[in-house]
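Single-letter residue listing:
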Amino acid sequence: MINEVKLDEKDSRLTHRKKLKELSINPYGYPLPYKPNSTVDELKTKFENETNLNKEEIYIVGGRLLNIRHHGKSIFSDLLGVNHKLQIYLKKDELNEKFDIFKDYIDSGDLILVKGYLFRTKTNELTLHILDYHFLAKCILPLPEKWHGLKDTEIRYRQRYLDLFINPEAKKNFIIRSKIIKFLRNYLENQGFMEVETPMLNIIPTGALAKPFKTHHNTLGIDMYLRIAPELYLKRLIVGNFDKVYELGKVFRNEGISTKHNPEFTILELYQAFADLNDMINLTEDIISSLVYYIHNSHEIEYQEKKLNFNKPFKKISFPNELYKKGLDIEKLRNDKEYLEKIANELKIPRENRVISHVIDKAFDELVKPELWDPTFVLDYPVEISPLAISKSDNPLYTERFELFIANFEVANAFSELNDPDEQALRFTQQQKLKEKGEAEAHEYDHDYITALSYGLPPTGGLGFGIDRLVMILTNNISIREVILFPALLPKK
RNA sequence: GGGCUGGUAGCUCAAUAGGUAGAGCAUUGGACUCUUAAUCCAGGGGUUGCAGGUUCGAGUCCUGUCCAGCCCA
């Protein structure tokens, strides 16, 4: 009896590769015998509804083969493009030995360049009749299942490339993400904003209330921090006489990882000189509602099976009023230590974090945020949690600031920028006091920024968007990991 | 940081009450020149996340641990 050689799928793919090399065929493509003159997507969109196909026109396209259907002396398969699949068709009596090589040594997932003409099968499927083909790269690992796709979230995130070419819905999220970013850039360029880049490596992490990642510069011998926001650098540019600037990029916050938080995420910040909070409200409404329309052709969309209405104007409410409706008095929190303790107890805030800023923030998150569904501007933020915004003229304990909430997410944050250097210095000092009292997320004191303000920052409107959350809402996802190509995961041991 | 759920073939999933780990797809061999989840015939493929424990016997029960998902802080 002959010992049967037991092969698993990877072995058989490796054997196929070896056989190709023995036939002096490079499974990895170089050099290309001919260049592509079209793509799967182009052929599909151009000819999908075309009735007259010209067999004299030869197309050369590259792609990944999926679902090879052997049929004796003919073969059908699908060539995967970016958004479309194109069926290909091979006949033995035309390709001879190249047909046998295809039949015996090509596996699904392989990348090939094909050359042929378009025709329609009797089921009317647009198909490329192959006259010649060329190997581009061998896929030596087995693929996920063709019908159920790849469902294991861990593999989907760790090996996103598999997710992308196996699960079309996954790819769609990232295509929409790219469209959103492109829309925002176009919009801002059309409004006269200039895109700039400011440092990601900071000496002092500023511009937001968040914990930073720490790193070290070896030759300078100093600790540095990954930026938590570009804000203070961008305002220095307004001091430098630019009037409309924006930055779209990553910021890093050293906090918990969850379905709503990734340690690095994308933010858009813009600053407009000679403008104020009202200008930012108008700008925000226009950007968001026109973006939604651009993506969905409607101002009303579904998110998690509930309607979201993006028609202008958005709802506007006041931070202290909303908390007051919930039975919480910010004035009293400021003046009554016992009251603060009582509220902190109710909110289960740990003893070391019982600082006014923390309690206010937490109370809003717990009591008001869960009710903010349709786009809503929350105005009049307390000064304790708004160290970079100007105070309201009628009450210095509240600021000219808004946060925009959509579907319970904080999506945007804007204020009339504080431009009085003495007042800003005082705010920094107050933040240091909060820090001493146990507020881990107080704003750092930035002397260099005070110097910049001392040269004069004009009244300026500033606005920041959380891009990932915006993408989540527009792609109907509840996990941020579905809209970040490579989300943060623990290393696999 | 805490709680709950999960991890079984390449993938998607089964496995009653603790009693020989199965199916579909994929893969291998064969038939087939219009298939598209092709079809038909035949086969191979497993250290059940990892490390221990209980038991005559563990995918299943217990302890620890790793990773993921969900919820809470």
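Sequence order as written defines the numbering, with residues in each chain counted from 1. Labels follow written order: the first chain is A, the first ligand is 1, and so on. Local features in a predicted model are, by the rule used here, given only for residues with pLDDT of at least 70; side-chain atom pairs are given and counted only at 80 or more, and totals for whole chains, interfaces and linings are based on all residues. Only hydrogens and water are removed before side-chain values are computed, so all heavy atoms of the structure are retained for them.

### Regarding the layout of surface pockets
Selection criterion: Any residue with an atom within 4 Å of a point lines the site, the site being either a cavity, points on a 1 Å grid over the protein atoms alone where a 1.4 Å probe fits but cannot get out, or a pocket, an open set with protein on both sides within 12 Å along at least 5 of 7 lines. Grid points are joined across faces, edges and corners, and a volume is the space filled by probe spheres set on the points. Every helix listed is a DSSP run of H or I at least four residues long, and every strand listed is a run of E at least two residues long, numbered separately from the N terminus. Residue ranges for the domains trace back to a domain assignment, done automatically or taken from a database.
Size it by volume and the second largest pocket reaches roughly 800 Å³. As for the second largest pocket, its lining consists of 34 residues, of which L66, K85, K146, F165 and I166 are closest to the centre. At the level of elements, β1 (59–71), β2 (74–80), α4 (97–105), α6 (160–166) and α7 (168–190) are the ones that each hand at least two residues to the lining of the second largest pocket. The dominant element in the lining of the second largest pocket, judged by the number of residues it contributes, is α7, at five residues. Domain assignment of the residues forming the lining of the second largest pocket places at least three in each of domain 1 (2–149) and domain 2 (167–326 + 368–482).

### A word on the nonpolar core
One recurring pattern in soluble globular proteins: nonpolar side chains tend to sit buried together. As a reminder of what qualifies: Residues belong to a common nonpolar core when they are buried Ala, Val, Leu, Ile, Met, Phe, Trp, Tyr or Cys residues joined through side-chain atoms within 4.5 Å. The buried label goes to any residue with under 20% of its type's maximum accessible area, the exposed label to any with over 50%, and the partly exposed label to all in between, with areas taken from a 1.4 Å probe on protein chains only. For this analysis, residues touch if any pair of their heavy atoms sits within 4.5 Å.
Grouped together as the largest cluster of nonpolar side chains are 49 residues, with contacts concentrated most on I288 and F402. With nine residues, the single largest contributor to this core is helix α9 (residues 277–296). Beyond its immediate stretch of four places on either side in the chain, F402 contacts L277, M280, I281, T284, F377, V378, L379, Y381, A412, N413, A414 and L463. Listed in part, the 27 residues of the second largest apolar core include Y59, L95, F99 and Y105.

### Observations concerning the domain arrangement of chain A
Partitioning chain A into domains gives domain 1 (2–149) and domain 2 (167–326 + 368–482). When each unit is reduced to the centre of its C-alpha atoms, the spacing between domain 1 and domain 2 is 48 Å.

### Section: the protein's contact with RNA strand B
Condition: Proximity is defined per residue: if any heavy atom of the residue lies within 4 Å of a molecule or strand, that residue is considered near it. As used in this structure description, the phrase polar contact means that two N or O atoms lie within 3.5 Å; if the pair is within protein, one of them must be able to donate a hydrogen and the other to accept it, and residues adjacent in sequence are counted only when both atoms belong to side chains. Residues are grouped as follows: Ala, Val, Leu, Ile, Met, Phe, Trp, Tyr, Cys and Pro are nonpolar; Asp, Glu, Lys and Arg are charged; every other residue, Gly included, is polar.
Within the structure, RNA strand B sits among 45 residues, and N67, K122, T123, K146 and E154 are positioned closest to it. T153 is positioned such that a nitrogen or oxygen atom in its side chain is 3.0 Å from a sugar or linking oxygen of RNA strand B. Counting residues per element, the ones that place at least two in the surface near RNA strand B are α1 (9–22), β1, β2, β3 (85–91) and α5 (153–158). Residue composition of the surface near RNA strand B, grouped by class: 13 nonpolar, 14 polar and 18 charged.

### Considerations on the confidence of the model for chain A
Atomic detail in the predicted coordinates should be set aside for any region of low pLDDT. Test applied: pLDDT gives the predictor's per-residue confidence on a scale running from 0 to 100.
With 98% of its residues at a pLDDT of 70 or more, chain A has an overall mean of 93. The lowest-confidence element of chain A is helix α12 (residues 337–346), averaging 89 in pLDDT; the highest-confidence one is strand β6 (residues 194–195), averaging 98. Predicted confidence is poor over residues 1–5, with pLDDT under 50, and the contacts of this stretch with residues over four places away or in other chains come to zero contacts. The ipTM value of the predicted complex is 0.92, and its pTM value is 0.92.

### Comments concerning the sheet that holds β6
Selection rule: In short, DSSP must find at least two bridges between two strands for them to pair. Only C-alpha atoms enter the line fits that serve as axes; for helices the fit covers just the stretch in contact. Angles between N-to-C directions range over 0 to 180 degrees.
Ordered by their spatial adjacency, eight strands build an open sheet running β6-β10-β11-β20-β19-β18-β15-β14, and the pairing between neighbours is mixed. At either margin of the open sheet sits one strand with a lone partner, and together these are β6 and β14 (315–318). Set on the sheet, α7 makes contact with β6, β10 (244–252) and β11 (264–273); between it and β10 the angle comes to about 155 degrees. In the packing of helix α8 (residues 231–239) onto the sheet, the strands contacted are β10, β11, β19 (409–416) and β20 (460–466), and the crossing angle to β11 comes to about 25 degrees.

### Some details on the pairing of β2
Most of β2 is tucked away: six of the seven residues are buried. Note: β1 against β2, six bridges, orientation antiparallel. Across the sheet, the residue bridging to R69 is F76, located in β2. A loop of two residues connects β1 with β2, the two strands running antiparallel in sequence, and G72 in this loop sits at a positive phi of about 70 degrees.

### Some thoughts on the packing of aromatic side chains
Inclusion rule: Here a pair means two rings of Phe, Tyr or Trp (six-membered ring of Trp) with centres within 6.5 Å. Their orientation is stacked below 30 degrees between planes, edge-to-face above 60, and tilted elsewhere. Note on geometry: a ring has a charge over it if NZ (lysine) or CZ (arginine) is within 6 Å of the ring centre and within 35 degrees of the ring normal.
Taken as a whole and assessed by the stated rule, the structure comprises 17 aromatic pairs. Measuring from ring centre to ring centre gives 6.1 Å for F183 and Y187, while their planes differ by 35 degrees; the resulting arrangement is tilted. Note that F183 and Y187 are positioned in helix α7 at a spacing of four residues, about one turn of the helix. Across this residue pair, the class does not change: F183 and Y187 are buried. Ring geometry for F428 versus Y449: centroids 6.4 Å apart, planes at 55 degrees, classification tilted. Linking F428 in helix α14 (residues 421–436) with Y449 in helix α15 (residues 447–454), this pair joins segments that are 21 residues apart in sequence. Here Y449 falls in the buried class, since its relative accessible area comes to 1%. Among the aromatic side chains, those forming a connected cluster through ring pairs are F319, F364, Y381 and F405. Above the plane of the ring of F165 lies R64, whose end atom (NZ or CZ) is 4.0 Å from the centre. Geometry around Y381 places R401 over its ring, the cationic atom sitting 4.3 Å from the centre.

### What about the packing of α8 against α15?
Let me state the cut-off plainly: Any angle between 65 and 115 degrees counts as roughly perpendicular, while under 35 counts as roughly parallel, over 145 as roughly antiparallel, and the rest as oblique. Should the near helix be turned counterclockwise from the far one by less than a right angle, the crossing is left-handed, whereas a clockwise turn marks it as right-handed.
Where α8 contacts α15, the axes come no closer than 9 Å and their chain directions differ by 25 degrees. If you check the angle between α8 and α15, you find them roughly parallel. Note on packing geometry: the crossing formed by α8 with α15 is left-handed. Between α8 and α15, the residues in contact are L232, K235, R236 and V239 and D448, Y449 and A452, respectively. For the contact of α8 with α15, the per-class residue count stands at four nonpolar, no polar and three charged.

### Observations concerning α14
Put simply, the test is: Here, expected helix span is obtained from the residue count minus one, scaled by 1.5 Å.
In this model, α14 (16 residues) spans 23 Å end to end at C-alpha, consistent with the 22 Å of a helix rising 1.5 Å per residue. Within the sequence span of α14, burial applies to Q424, A425, R427, F428, Q431 and L434. Regarding α14, its N-cap is D420, as a side-chain oxygen of that residue lies 2.8 Å from the backbone nitrogen of D422 further along. With its phi angle positive at about 115 degrees, G438 sits one or two positions after the end of α14.

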